Structures are given as C-alpha cells and as structure tokens.
Amino acid sequence: IERLVGRHCRIRPSERPSAIERVVALTTQLRAMPLAAELALAKKALREVPFVIDPKGVTVTGKIALLYKDAGGQRTLVDYKTDRIGPEDVAKHALGHRYQLRVYIEAAENFLGVNLDRAFLAFLNPGILQNMLGEARAVELLPLVEGIHNRCFAPLSPCSRPCPFAGACGKL
C-alpha cells in the first residue's frame, strides 16, 4: 500500500502516513461489505473500464470503476465513494452522484453493450451500497453531457489540497 500511495497519490511526503491509514481503513471497510463476498463469487469482473460516449456530437470520456456479473447473472455497475459521511446521509449524497452515474450507465449500456440490472454507489466510509439505477436513468442525458462539455458545473466544495483539475476550476 505504501508503494501504491507513493506512486499514485499526489500528496506531500509528510501526508503519506495519513493517506496510507485512510487506504487501509477504506480497504477494510470494503472487505466488510456484502459487495466483497459477491465479487468473490462473480462470474466476471472488469475494473477501471475506459469508455467514450458521443451523444449528439458531445464527447465524454472516463473510466467505470467496476462492472461485474454476479453468480446469479445480474450485471452490476459500481462506483466507489469515499465521502466521509454517516449512514443517515447516504441517500442525500447518493442523489448528488446520480449525474455521474448516468454517464457511466450510458457508457456501460451503449458503448460497452452491457444491459445493467443494478448500478451501485458503494459508500466505503459508512459501508453502504446504494442502488441508484432508477434515479440515475431518470436524468436526461443530452443536457447533462452538454453541461459537462461546456464546463457548466461548479465544484461542490472548495478544494482542500493540490488538485490536478485546479486549472479548470476558474472555467467551471
């Protein structure tokens, strides 16, 4: 974990010990979730799946954290969330992530050809899975991707550390 944090996290060396602790805590929480047991029995699992969608000439690229087919044949998309929230706040926070999930659902179904049965947000901090397939599908795709393309979305909270997207913040 120490090597991965050093290689993949853009943080100061003095922040590494707390980052390592956080990764260990989140990994432990994930292993305790029912998702981990389901993944162990999955027929197939794909991680960090790249995609490109181009609805009406608006190109959006990204990566889906996890797509898998469980032992019963259900096709599931998962996006991990590390928000530091309590169980009582999961539903509210999940609604805020439905737009991102809508793009991932579009990519899975129309770019990758996977007909989804479930789309989970895995909130690692409280250890809760929230199925958002219906809520995310209800979001109109075209206005959403046009907004992404035109950088019409404001940051949800102020930045607290150096960020690779800092140059875009003034354009949001």
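Residues numbered from 1 in each chain as written. Predicted model: local features only at pLDDT ≥ 70, side-chain atom pairs only at ≥ 80, totals over all residues. Heavy atoms only, no water.

## Some words on the overall build of the protein chain
Each helix and strand in the protein chain was counted, giving 8 helices and 5 strands. Reading the secondary structure of the protein chain in the N-to-C direction produces α-α-α-β-β-β-α-α-β-β-α-α-α. Scored against the burial criterion, the 172 residues of the protein chain give a buried share of 34%. Summed over all atoms, the accessible surface of the protein chain reaches about 10,600 Å², with 53% contributed by carbon and sulfur. (Helix = DSSP H or I, 4+ residues; strand = E, 2+ residues; numbered from the N terminus. Buried < 20%, exposed > 50% of the residue type's maximum accessible area, 1.4 Å probe, protein only. Areas by Shrake-Rupley, 256 points an atom, 1.4 Å probe, with all protein chains shown as cover.)

## A short note on the sheet that holds strand β2 (residues 60-69)
One open sheet accounts for 5 strands, arranged β1-β2-β3-β4-β5; its pairing is mixed. The sheet is open, and its two borders are formed by β1 (44-53) and β5 (128-131), each paired with just one other strand. When the angles between neighbouring strand axes are averaged without regard to direction, this sheet yields 35 degrees. Inspection of the sheet shows strand β4 (residues 118-123) paired to β5 by 4 bridges, in the antiparallel sense. In the sheet register, A122 faces β5, and the bridge partner there is L129. (Pairing = 2+ DSSP bridges. Axes fitted to C-alpha atoms, helices over the stretch in contact; angles between N-to-C directions.)

## Overview of the packing of helix α5 (residues 98-111) against helix α7 (residues 141-149)
How two helices sit against one another is set out by the angle between their axes and by the gap between those axes. Where α5 contacts α7, the two axes come as close as 10 Å, and the packing angle between them is 110 degrees. Classified by the interaxial angle, the pair formed by α5 and α7 is roughly perpendicular. Contacts between α5 and α7 involve Y99, R102, V103 and E106 from the first element and L141, L144, V145 and I148 from the second. Looking at the contact of α5 with α7 residue by residue, the class counts come to 6 nonpolar, no polar and 2 charged. (Parallel < 35°, antiparallel > 145°, perpendicular 65-115°, else oblique. Contact = heavy atoms within 4.5 Å. Nonpolar A, V, L, I, M, F, W, Y, C, P; charged D, E, K, R; others polar.)

## Side note on the pairing of β2
Bridge count between β1 and β2: 9 bridges; the pairing is antiparallel. In the sheet register, V52 faces β2, and the bridge partner there is T61. Hairpin connection, β1 to β2: the antiparallel pair is bridged by 6 residues, and K56 has positive phi, about 55 degrees. Bridge count between β2 and strand β3 (residues 75-81): 4 bridges; the pairing is antiparallel. Across the sheet, L66 pairs through a bridge with V78, a residue of β3.

## Here's the deal with the packing of aromatic side chains
Given two aromatic rings, one states the distance between the centres and the angle between the planes to describe the pair. The tally for this structure, following the rule as stated, stands at 1 aromatic pair. Note on F51 and Y104: the rings are 5.8 Å apart at their centroids and 75 degrees apart in plane angle, and the pair reads as edge-to-face. Of the two residues, F51 is situated in strand β1 and Y104 in helix α5; the sequence distance between them amounts to 53 residues. Relative accessible area serves as the criterion here: at 3%, F51 is assigned to the buried category. (Phe/Tyr/Trp six-rings, centres within 6.5 Å; stacked < 30°, edge-to-face > 60°.)

## Remarks on the environment of A25
Take A25: it is sitting in helix α2 (residues 16-32). What makes A25 partly exposed here is its relative accessible area of 44%. With 99 residues separating them along the chain, A25 and L124 place their C-alpha atoms 9.1 Å apart.

## Examining α5
One turn of an α-helix holds 3.6 residues; hence residues three or four places apart share an orientation. When the terminal C-alpha atoms of α5 are compared, their 19 Å separation across 14 residues agrees well with the 20 Å that a helix rising 1.5 Å per residue should span. Within α5 the residues assigned to the buried category are L101, R102, V103, Y104, I105, E106, A107, A108 and E109. Against the buried residues of α5 lie β1, β2, β3, β4, α6 (133-137) and α7. Two residues or fewer past α5, G113 is found with a positive phi of approximately 75 degrees. (Expected span 1.5 Å × (residues − 1).)

## Some words on the nonpolar core
Membership of the largest hydrophobic core comes to 28 residues, with the highest contact counts inside it found for I64, L77 and L101. Every element with two or more residues in this core is listed here: β1, β2, α4 (90-96), α5, β4, α6 and α7. When residues in this core are grouped by element, the largest group, 6 residues, is from α5. If near-sequence neighbours (up to four positions away) are discounted, I64 is found in contact with R47, E48, V49, F51, L77, Y104, A107, A108 and L112. (Core = buried A, V, L, I, M, F, W, Y, C linked by side-chain atoms within 4.5 Å.)

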